[in-house]
Amino acid sequence: MLDASDHALSVTDLTAQIRYVLEQTPHLEDVWVMGEVSNLSRPASGHIYFTLKDSTSQIKCVMFKNSATRQIVEPQTGQRLRVHGKVSVYEAGGQYQLYADQFQSAGGMGDLYAQMERLKAQLELEGAFDLERKRPLPPQPRKIGIVTSPDAAAFQDVQKVLRGRFPLTLVILSPTLVQGIEAPSQIVRAIERLNTHTDVDVIIVCRGGGSIEDLWSFNDERVVRAIIASRIPIISGVGHETDVTLADFAADHRSPTPSAAALDATPDIGDLREAVRHAATALQVYFEDRLIAESHKMERLTTALARRDPQMMISGARQRVDELHIRLGQAQTRHLRRLRERLVGLASTLNTVSAESVLGRGYAIVTRPDGSLVTRSQQVKDGDMVTIRWHDSLHTARIGEDSSERYKRSLL
Amino acid sequence: MNDINALSYEQAYRDLNDLVAQLESGDLPLDESVRLYERGRLLAAHCQKLLDAAELRIQRLNDDGGLSAF
């Protein structure tokens, strides 16, 4: 038998052996343990340190940051918690402890679902999900706020859709964690920041697919109430088609995925091009119609004007004057003809009145001895012999003194 | 018509539609119609140009409320 002192292990070797034993014990590397949380410490490193205890025992626990950020249950002192992890050794402290990777409330997921259902019922009672509360989405958002993680595939999906569909918009990313115990408060702040500091027309709150635990932040009461309180309309696009969270109920519009949210938020640029073309065509058509109407109006006016053309009026008047002139000439000719006819009639009448018939009415014809008619007193002088012819006899007579003066006086 | 080039797509498109509606009403003097028609053609061309040239812009909203390039 060797003296034990000859084979003394270093502390490090011993600790390594203890660690080996613990880590090789199958059920200790994948174990659920339930206890009450105490000595909770959450330093800036993001790791969570605490002790789980029951009435007689306790065990040190640690959850590193990479696991802590994925939790949906936030440990609180005095809380009964189910913790999953593996048992190992912290060599520097000489401590075995539980390296935790998952928290569940004492009732497991069932507990969480029950809690969510209670919250949902409460919010429904408050009218938070009422359809009348839903605000219409802007048809063409100039600016779109996105509440998601800058590193997430969801954000890439949203960008891709917006580039192809509505690149006119300005995207304002309000970055946040989208899973883990810090996520709800960050999502709330991201929504509030957009409301306070920007004039985005609509907000998309989104996260890609994952386990129900990954999506649990979107069932958080704080997130749901922030969505309801948002001044700006909100579109939710969380997980896959089949995932429905309370955030979806609270949002003004629920889209099944982040890509669908980007699509629902925007018009298609092809439709916009078509609308511009349509407006341009309408412009052309109305303008041409107008020109045609104007030219018809012009034609009517021209016709109306032509009827009142002074040249035409003068020619018309001239024509009428000509007509009158012709008629006047004709009338004159007729008149002269009538006068001539009357004259001819008179002449013949005159001819029929013979000298005899004149003599018969008491007139006499005086002739000189040579037979010429005496028609004026100057043709004879005192003592001349004349012949006087009555209708029934012929007498010779001598001209006596000129009694014209006396005759004229007697007429006065 | 330099003012048109300064218009955003939304504004230019809204102006274009308003203008078409005005022409549609049809009781404008002819010279005003001609003016609107000319402006409408420029607005439509401006809209098309903006649609063709559009590129998605992304900014990041910081904790302090300021914006930075993404």
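Here the structure is a predicted model, which means the values were calculated and not measured.

Reading guide: rules and limits
- Residues numbered from 1 in each chain as written.
- Chains lettered and ligands numbered in written order.
- Predicted model: local features only at pLDDT ≥ 70, side-chain atom pairs only at ≥ 80, totals over all residues.
- Helix = DSSP H or I, 4+ residues; strand = E, 2+ residues; numbered from the N terminus.
- Buried ≥ 20, exposed ≤ 12 C-beta atoms within 10 Å, placed from the backbone.
- Contact = placed C-beta atoms within 7 Å.
- Pairing = 2+ DSSP bridges.
- Axes fitted to C-alpha atoms, helices over the stretch in contact; angles between N-to-C directions.
- pLDDT = per-residue confidence, 0-100.
- Expected span 1.5 Å × (residues − 1).
- Parallel < 35°, antiparallel > 145°, perpendicular 65-115°, else oblique.
- Left-handed = near helix turned anticlockwise from the far one by under 90°.
- Nonpolar A, V, L, I, M, F, W, Y, C, P; charged D, E, K, R; others polar.
- Core = buried A, V, L, I, M, F, W, Y, C linked by C-beta atoms within 7 Å.

The next thing to look at is the overall build of chain B. Scanning chain B for helices and strands turns up three helices and two strands. Sequence-ordered secondary structure for chain B, helices as α and strands as β, is α-α-α-β-β. Considering chain B as a whole, with its 70 residues, one finds that 20% of them fall into the buried category. Intrachain contacts of chain B at a sequence separation of at least 6 include 50% that bridge at least 24 residues.

With that settled, the discussion passes to the interface of chain B and chain A. With 30 residues of chain B at the interface, the matching set in chain A holds 30 residues. Of all the elements, helix H3 (residues 30–53) of chain B adds the most residues to the side of chain B that touches chain A, at 10 residues. With four bridges joining them, strand E7 (residues 170–175) of chain A and strand E1 (residues 57–61) of chain B adopt parallel strand pairing. Residue pairing in the sheet places Val-171 of chain A in a bridge with Ile-58 of chain B of E1 of chain B.

This next bit is on the sheet that holds strand E8 (residues 202–207) of chain A. In spatial order, the strands read E10(A)-E9(A)-E8(A)-E6(A)-E7(A)-E1(B)-E2(B); together these seven strands make up an open sheet with mixed pairing. On the outer flanks of this sheet lie strand E10 (253–255) of chain A together with strand E2 (67–69) of chain B, each paired with one strand and no other. The mean angle between the axes of side-by-side strands here comes to 30°, regardless of whether they run parallel or antiparallel. Judged from the four bridges that link them, strand E6 (residues 143–148) of chain A and E8 of chain A form a sheet pairing that is parallel. Bridged to Val-147 of chain A within E8 of chain A is Val-205 of chain A.

With that settled, the discussion passes to the confidence of the model for chain A. Put simply, chain A has an average pLDDT of 89, and 96% of its residues get 70 or more. Ranking the helices and strands of chain A by mean pLDDT puts E6 of chain A first, with 98, and helix H11 (residues 355–360) of chain A last, with 69.

Glancing now at the sheet that holds strand E4 (residues 80–90) of chain A. All names here are of chain A. Spatially, the five strands close up into a barrel ordered E1-E2-E3-E5-E4, and their pairing is mixed. Looking at each pair of strands side by side, their axes are set apart by 55° on average, direction ignored. By the bridge criterion, six bridges tie strand E1 (residues 31–41) to E4 in an arrangement that is antiparallel. By the bridge assignment for E4, Val-33 is matched with Val-83. Packed on one face of the sheet, helix H1 (residues 11–24) meets E4 and strand E5 (95–105) and runs near 135° to E4.

Turning to H1 of chain A, a few remarks are in order. With 14 residues, H1 of chain A should cover 20 Å at 1.5 Å per step; its first-to-last C-alpha distance of 20 Å lies within 8% of that length. Where burial is concerned, little of H1 of chain A is hidden: zero out of the 14 residues are buried.

Attention shifts here to the pairing of E1 of chain A. Residue and element names in this part refer to chain A. Bridge count for E1 against strand E2 (residues 48–53) is four bridges, and the pairing is antiparallel. Counterpart to Ser-38 in the pairing with E2 is Thr-51. In this structure, the hairpin formed by E1 and E2 is closed by a connection of six residues, where Gly-46 is found at a positive phi of approximately 95°.

The subject of this paragraph is the packing of helix H9 (residues 269–307) of chain A against helix H2 (residues 9–25) of chain B. Interaxial distance between H9 of chain A and H2 of chain B falls to 10 Å at its minimum, and their mutual angle equals 25°. Between H9 of chain A and H2 of chain B, the angle is such that the two are roughly parallel. Of the two possible hands of crossing, H9 of chain A and H2 of chain B adopt the one that is left-handed. Here H9 of chain A contributes Val-276, Ala-279, Ala-282, Leu-283, Tyr-286 and Phe-287 of chain A to the contact with H2 of chain B, which in turn contributes Tyr-13, Leu-16, Asn-17, Val-20, Leu-23 and Glu-24 of chain B.

All names here are of chain A. Helix H8 (residues 258–265) packs onto helix H4 (residues 153–165) with a crossing angle of 30° between their chain directions and a minimal axis gap of 8 Å. As far as their axial angle goes, H8 and H4 are roughly parallel. Crossing of H4 over H8 shows right-handed handedness. Seen from H4, the contacting residues are Ala-154, Asp-157, Val-158, Val-161, Leu-162 and Arg-165; seen from H8, they are Pro-258, Ser-259, Ala-261, Ala-262 and Leu-263. Its residues assigned to classes, the contact of H4 with H8 comprises eight nonpolar, one polar and two charged.

Grouped together as the largest cluster of nonpolar side chains are 77 residues, with contacts concentrated most on Val-158, Ile-191, Ile-204, Val-205, Ile-227 and Ala-247 of chain A. Broken down by element, this core gets its largest block of residues, seven residues, from H2 of chain B. The residues contacting Val-205 of chain A, other than those within four sequence positions of it, are Val-147, Ile-191, Ile-227, Ile-234, Ser-236, Ala-247 and Ala-251 of chain A.

Attention now moves to the environment of Leu-19 of chain B. All names here are of chain B. Its place among the elements puts Leu-19 in helix H2. Between the alpha carbons of Leu-19 and Arg-39 there is a distance of 8.6 Å; along the sequence they are 20 residues apart. If we ignore the near neighbours within four places in the chain, the residues touching Leu-19 are Leu-36, Arg-39, Gly-40 and Leu-43.

Here E4 of chain A runs beside E5 of chain A; their pairing, made up of 10 bridges, is antiparallel. Bridge assignment links Val-89 of chain A to a residue of E5 of chain A, and that residue is Tyr-96 of chain A.

All right, on to unusual backbone geometry then. For Asn-39 of chain A, which is not glycine, the phi dihedral falls at a positive 50°. Of note, Asn-39 of chain A is situated in strand E1.

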